[in-house]
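Given next are the chains, with one letter for each unit.
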Amino acid sequence: MPEEIIRTLSVDGVRYSYRVLPGAHPGEPPATEPALILGGALQGMFGWPQMDDHLGPATDVVTADLPGMGGADPLPPGPSAELLRRAVLGIADDIGAPRLNIFGFSYGTAIAFGFARRHRERVARLALGGVPVHIDAVQVASWERARQQLAAGDREGFAATAADALMCLDPERHVHRRELARRYVRRSFLHALTHSPHAADSLYRALADRPDFSGGLTGVPALVFAGEHDTVTSPALQREFAATIQGSRFLTIGESDHWVVLERADEVAALVSRFFTGREPVADEAAPVTLPRQAGAPAGRT
């Protein structure tokens, strides 16, 4: 496996970094454009080994600590969407890629979608998972309770409440590796709070910012997927969002919730890899997948 490359950039004086894992076959033309992975509020550049495994043989895999994430500088006060879009553009320019494949998950979907709307000529394909199109009152109340725990110095209580708010805990709904994912998310929150001075601010922004998923998108091949038991935003609402993207595909992945990228890590990576390399987006039989009609198509047509 080729050695990774890490570079530091800045936008408006805010430092951030990105990592490139060069394609596994140096000297040969890549099967597709470089793939940029943008994760949730606390998912930095080193949290995507499954993407390295599945996309690495086909193209360069690019991950990032964008402003406010991981080891990057904190975001300045005020709206951050435009600064984050320019940070992504800075990565594309720095690696010399006319176009990128972009995968956004959870909080990262807002950055990826916003970038595609503003710079569609720089996006080859767009994959979005766990899109937080709508945050209901129950979610808001859970996160306010978590915020109060953190303000009181109860980091473990905060991590437990925040993790549970992002998961489906209904015992009647089977979620693959639920407890394993639950423990991992809790530990990740605790680790971030311990090692990143602005982790709490990043989480607050992820909740307080109301990303704009309106306006639709044309001219970019897109795939949107959701865990069938996603309780952050229901698959039905994510399907409605997908319908605003011309020609997009939407699918649900069975036995998973909002943390589908943990519970079905290899299946999600394979799905995204197939889509980015121009193959039909299907998954292994071990991960039941529903491939419904094309978003926006009349019922009864595929």
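Residues numbered from 1 in each chain as written. Predicted model: local features only at pLDDT ≥ 70, side-chain atom pairs only at ≥ 80, totals over all residues. Heavy atoms only, no water.

End to end, helix H4 (residues 137–151) covers 21 Å across 15 residues, agreeing with the expected 21 Å (1.5 Å per residue, within 8%). Along H4, the residues classified as buried are Gln139, Ser142, Trp143, Ala146 and Leu150. With its buried residues spanning 90° around the axis, H4 presents them on a single face. Summarising the geometry of H4, the exposed residues directed more than 90 degrees from the buried face are Ala137, Val138 and Ala151. Capping the start of H4, aspartate 136 holds a side-chain oxygen 3.2 Å from the backbone nitrogen of valine 138, two or three residues further along. Just past H4, the residue glycine 153 takes up positive phi, approximately 90°. (Helix = DSSP H or I, 4+ residues; strand = E, 2+ residues; numbered from the N terminus. Expected span 1.5 Å × (residues − 1). Buried < 20%, exposed > 50% of the residue type's maximum accessible area, 1.4 Å probe, protein only. Arc of directions from axis to C-beta. Polar contact = N/O pair within 3.5 Å; in protein donor to acceptor, adjacent residues only side chain to side chain.)

Let's shift gears to unusual backbone geometry. With a phi angle near 60°, arginine 177 is a residue other than glycine that sits in the positive phi range. Classification of arginine 177 as partly exposed rests on a relative accessible area of 47%. A positive phi angle is found at glutamate 255, which is not glycine, with a value near 55°. Within the secondary structure, glutamate 255 sits in the loop between strand S8 (249–253) and helix H9 (260–263). Judged by relative accessible area, glutamate 255 falls into the partly exposed class, the value being 28%.

When pLDDT is averaged along the protein, the result is 87, and 88% of the positions lie at 70 or above. Every residue in residues 283–302 scores below 50 in pLDDT, and together they form 33 contacts with partners more than four places removed in sequence or on other chains. (pLDDT = per-residue confidence, 0-100. Contact = heavy atoms within 4.5 Å.)

Here the focus is empty space enclosed by the protein. The tally for this structure, following the rule as stated, stands at 2 cavities of 30 Å³ or more. Quantified by volume, the second largest cavity comes out at close to 40 Å³. Every residue along the wall of the second largest cavity is listed here: Ile37, Leu38, Gly39, Gln43, Ala64, Leu66, Met69, Gly108 and Ile111. Taken together, the elements giving at least two residues each to the lining of the second largest cavity come down to strand S3 (35–38) and helix H3 (107–118). (1 Å grid on protein atoms, 1.4 Å probe; cavity = no way out; pocket = protein on both sides within 12 Å on 5 of 7 lines; lining within 4 Å. Points joined across faces, edges and corners; volume = space filled by probe spheres on them.)

On to the pairing of strand S1 (residues 5–11), then. As paired strands, S1 and strand S2 (residues 14–21) are joined by 7 bridges and run antiparallel to one another. Bridge pairing in S2 links isoleucine 6 to arginine 19. Taking the residues that link successive antiparallel strands as the turn, the S1-S2 hairpin has 2 residues, and the phi of aspartate 12 there is positive, at about 50°. (Pairing = 2+ DSSP bridges.)

Turning next to the pattern of salt bridges. All chains considered together, the criterion is met by 18 salt bridges. In this structure, arginine 19 and aspartate 52 form a salt bridge, with 2.7 Å as the shortest nitrogen-oxygen distance. You can see arginine 19 sitting in strand S2 and its partner aspartate 52 sitting in helix H1 (residues 49–55), a full 33 residues away along the chain. Overall, the relative accessible area of 6% leaves arginine 19 in the buried class. The residue arginine 186 makes a salt bridge to aspartate 164 at a minimum N-O spacing of 3.3 Å. (Salt bridge = Lys/Arg side-chain N within 4 Å of Asp/Glu carboxyl O.)

A few words now on the nonpolar core. Residues Leu66, Ile102, Leu126 and Leu128 are the most contacted members of the largest nonpolar core, which totals 43 residues. One finds Trp48, Ala192, Ala199 and Leu271 within the second-largest nonpolar core, a separate group that totals 40 residues. (Core = buried A, V, L, I, M, F, W, Y, C linked by side-chain atoms within 4.5 Å.)

It is at 9 Å that the axes of helix H2 (residues 81–94) and H3 come closest, and there the two elements cross at 75°. Regarding the angle of H2 to H3, the classification is roughly perpendicular. Between H2 and H3, the residues in contact are Glu82, Leu84, Arg85, Val88 and Leu89 and Tyr107, Ile111, Gly114, Phe115 and Arg118, respectively. Residue composition of the contact of H2 with H3, grouped by class: 6 nonpolar, 1 polar and 3 charged. (Axes fitted to C-alpha atoms, helices over the stretch in contact; angles between N-to-C directions. Parallel < 35°, antiparallel > 145°, perpendicular 65-115°, else oblique. Nonpolar A, V, L, I, M, F, W, Y, C, P; charged D, E, K, R; others polar.)

Scanning the model with the defined rule gives 8 aromatic pairs in all. Clustering of aromatic rings is evident, with ring pairs tying together Trp48, Phe103 and Phe225. (Phe/Tyr/Trp six-rings, centres within 6.5 Å; stacked < 30°, edge-to-face > 60°.)

Time to look at the packing of helix H5 (residues 155–165) against helix H6 (residues 178–195). Two packed helices can be described by the angle between their axes and the distance between those axes. Taken N-terminus to C-terminus, the directions of H5 and H6 make an angle of 135°; their axes are 9 Å apart at the nearest point. Overall, the two elements H5 and H6 adopt an arrangement that is oblique. Once H5 is placed against H6, the crossing between them reads as right-handed. In contact with Arg155, Glu156, Phe158, Ala159, Ala160, Ala162, Ala163 and Asp164 of H5, H6 contributes Arg182, Val185, Arg186, Phe189, Leu190, Leu193 and Thr194. Of the residues in the contact of H5 with H6, the class split is 9 nonpolar, 1 polar and 5 charged. (Left-handed = near helix turned anticlockwise from the far one by under 90°.)

What follows covers the pairing of strand S5 (residues 100–105). Every other side chain in a regular strand lies on the same face of the sheet, so the side chains alternate between the two faces. Burial runs high along S5: 6 of the 6 residues are buried. With burial as the criterion, each face of S5 is covered, one bearing Leu100, Ile102 and Gly104 and the other bearing Asn101, Phe103 and Phe105. Across 4 bridges, S3 lies against S5 in parallel orientation. Residue pairing in the sheet places leucine 36 in a bridge with isoleucine 102 of S5. The pairing of S5 with strand S6 (residues 123–129) spans 6 bridges and is classified as parallel. Bridging across to S6, glycine 104 finds its partner in leucine 128. This β-α-β element, S5 to H3 to S6, shows right-handed connectivity. (Right-handed = clockwise from strand over helix to strand, strands pointing away.)

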